[in-house]
Amino acid sequence: LDLLTQKYDIIIMNPPHGEIPEESKRYAKKYYPSTYYDYYSAFLEQAINLTNEHGIIGALTGRPILVNKNMQYIREKLLIKDAIPEIVFDLGFKTLEEANARFAALILKRNFENKDLNHHFIKFFALSRFEWDEKRIAFETTFEGNLDIVYTIALKDLAEIPGTPYAYWTTPKLRHTFKLFPPLDRDLAKKKSVKIADVKQGLAPGDTERYRRYWWEIPTNKIAFNREETFEEKEWVPYSDQPSLFYFYADIIRVINWKND
């Protein structure tokens, strides 16, 4: 109780990992209603509460806190209103023994009344491509002038991308694109902004191997090119299934049986 009833100048923590037990989740939901869904988030909120003004917090957390949509509250509220990131280590896999998860480490400063958020810069260390002790060695080389793994980004620039993901590797031109153009999906469009479309999942057969063929295996007069033709003895339709290779374009070499839609 003594530990939790006083304030600290420095807090360093490695919160628990894994799923929260139901009983713990009910407790966290009552006392940490904004961060109860995740160990890292709830522990981070408590650490901030236990830190003195202008105190420092060092936390090893899961990497999802940097980019995941469900961590948006942490990035846009908790890490702006109550504490602000100064340094972020993107650690990735192979950080802790026997822990098959991606990690990040944050250094935060508590309270910053005089801080101009428009000109606050965060220093990121891209260490995810290194393994185990190589991460430490790579970090130490930055003191000797190796800066190819160091990114310094203004907080306001990170906020140009909806959800404020800490996408420190993006270029200024790419980030600004999010301000120039509306999102494709209506669900992501802000109020009073242009609403273009509803993004939906495409063809998703339950047994792909059974229903999929190469297009040259099927007579061309059996291949449909719109929904209506699937009712007219053309049961095969073009099917793109190579998203891991071509994110924005795919050479469609397969068709799938989609008779009668």
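First, a word on scope: everything that follows refers to the structure included in this document. (Residues numbered from 1 in each chain as written. Predicted model: local features only at pLDDT ≥ 70, side-chain atom pairs only at ≥ 80, totals over all residues. Heavy atoms only, no water.)

**Concerning the side chain of aspartate 38**
Logical step 1: Considering the arrangement of structural elements, one finds aspartate 38 in the loop between helix H1 (22-31) and helix H2 (39-49).
Logical step 2: When residues no more than four places from it in sequence are discounted, the contact partners of aspartate 38 are Ile20 and Met71. (Helix = DSSP H or I, 4+ residues; strand = E, 2+ residues; numbered from the N terminus. Contact = heavy atoms within 4.5 Å.)

**A few points about the layout of surface pockets**
Logical step 1: Taken as a whole, the largest pocket encloses approximately 770 Å³ of empty space.
Logical step 2: Along the walls of the largest pocket sit 25 residues, with Ile161, Pro162, Phe178, Pro183 and Leu188 positioned nearest its centre.
Logical step 3: At the level of secondary structure, the elements contributing two or more residues to the lining of the largest pocket comprise helix H4 (72-82) and helix H7 (172-180).
Logical step 4: The residue inventory of the lining of the largest pocket, partitioned by class, reads 12 nonpolar, 6 polar and 7 charged. (1 Å grid on protein atoms, 1.4 Å probe; cavity = no way out; pocket = protein on both sides within 12 Å on 5 of 7 lines; lining within 4 Å. Points joined across faces, edges and corners; volume = space filled by probe spheres on them. Nonpolar A, V, L, I, M, F, W, Y, C, P; charged D, E, K, R; others polar.)

**Thoughts on the sheet that holds strand S5 (residues 121-126)**
Logical step 1: Pairing is mixed across the open sheet formed by 6 strands, whose spatial order is S1-S2-S4-S3-S5-S6. Among the strands making up the open sheet, the edge pair consists of strand S1 (8-13) and strand S6 (150-154). Neighbour-to-neighbour, the strand axes of the sheet open up by a mean angle of 10°, direction not taken into account.
Logical step 2: Note: S5 against S6, 5 bridges, orientation antiparallel. Residue pairing for S6: isoleucine 122 is matched across the bridge by isoleucine 153. (Pairing = 2+ DSSP bridges. Axes fitted to C-alpha atoms, helices over the stretch in contact; angles between N-to-C directions.)

**Some points on the environment of threonine 5**
Logical step 1: Locating threonine 5 in the fold gives a position in the segment before S1.
Logical step 2: Taking the C-alpha atoms as reference points, threonine 5 and leucine 50, separated by 45 residues in sequence, lie 8.0 Å from one another.
Logical step 3: Within the local environment of threonine 5, its side chain forms a polar contact with the backbone oxygen of leucine 1, the two atoms lying 3.0 Å apart.
Logical step 4: Side-chain polar atoms of threonine 5 contact the backbone oxygen of aspartate 2, separated by 3.2 Å. (Polar contact = N/O pair within 3.5 Å; in protein donor to acceptor, adjacent residues only side chain to side chain.)

**A closer look at the environment of glutamate 235**
Logical step 1: Checked against the element boundaries, glutamate 235 lands in the loop between strand S7 (212-214) and strand S8 (236-239).
Logical step 2: Separated by 26 residues in sequence, glutamate 235 and aspartate 261 place their C-alpha atoms 8.1 Å apart.
Logical step 3: Those residues in contact with glutamate 235 that lie beyond four places of it in its chain are Lys222, Ile256, Asn257, Trp258 and Lys259.

**So, the pairing of strand S9 (residues 254-257)**
Logical step 1: With 3 bridges joining them, S7 and S9 adopt antiparallel strand pairing. Within the sheet, the bridge partner assigned to arginine 213 lies in S9 and is valine 255.
Logical step 2: Both S8 and S9 contribute to a ladder of 4 bridges, which runs antiparallel. Paired with valine 237 across the bridge in S9 is isoleucine 256.

**As for the sheet that holds S9**
Logical step 1: Taken in spatial order, the 3 strands line up as S7-S9-S8 in an open sheet, and their pairing is antiparallel. The two strands at the open ends of the sheet, each matched to only one other strand, are S7 and S8. Along the sheet, successive strands turn relative to each other by an average axial angle of 40°, direction set aside.

**Points about the side chain of arginine 110**
Logical step 1: For arginine 110, the position within the fold is in strand S4 (residues 103-110).
Logical step 2: Salt bridges are absent for the buried arginine 110, whose nearest opposite-charge side chain, aspartate 82, sits at 4.5 Å.
Logical step 3: Polar contacts involving the side chain of arginine 110 include one to the main-chain carbonyl oxygen of aspartate 82, which spans 3.0 Å.
Logical step 4: Setting aside chain neighbours within four positions, we find arginine 110 in contact with Ile48, Thr51, Asn52, Glu53, His54, Gly55, Asp82 and Ala83. (Buried < 20%, exposed > 50% of the residue type's maximum accessible area, 1.4 Å probe, protein only. Lys, Arg positive; Asp, Glu negative; His and termini not counted. Salt bridge = Lys/Arg side-chain N within 4 Å of Asp/Glu carboxyl O.)

**Description of the pattern of salt bridges**
Logical step 1: Within this structure, the stated rule accounts for 10 salt bridges.
Logical step 2: Close ionic contact of lysine 94 with glutamate 131 constitutes a salt bridge, the shortest N to O distance being 3.3 Å. Linking lysine 94 in the loop between strand S3 (83-92) and S4 with glutamate 131 in the loop between S5 and helix H5 (133-141), this pair joins segments that are 37 residues apart in sequence.
Logical step 3: Residues lysine 179 and glutamate 160 are paired through a salt bridge, measuring 3.9 Å at the closest nitrogen-oxygen approach. Taken together, the residues lysine 179 in helix H7 and glutamate 160 in the loop between helix H6 (155-158) and H7 connect sequence positions 19 residues apart.
Logical step 4: Judged by its relative accessible area of 18%, glutamate 160 falls in the buried class.

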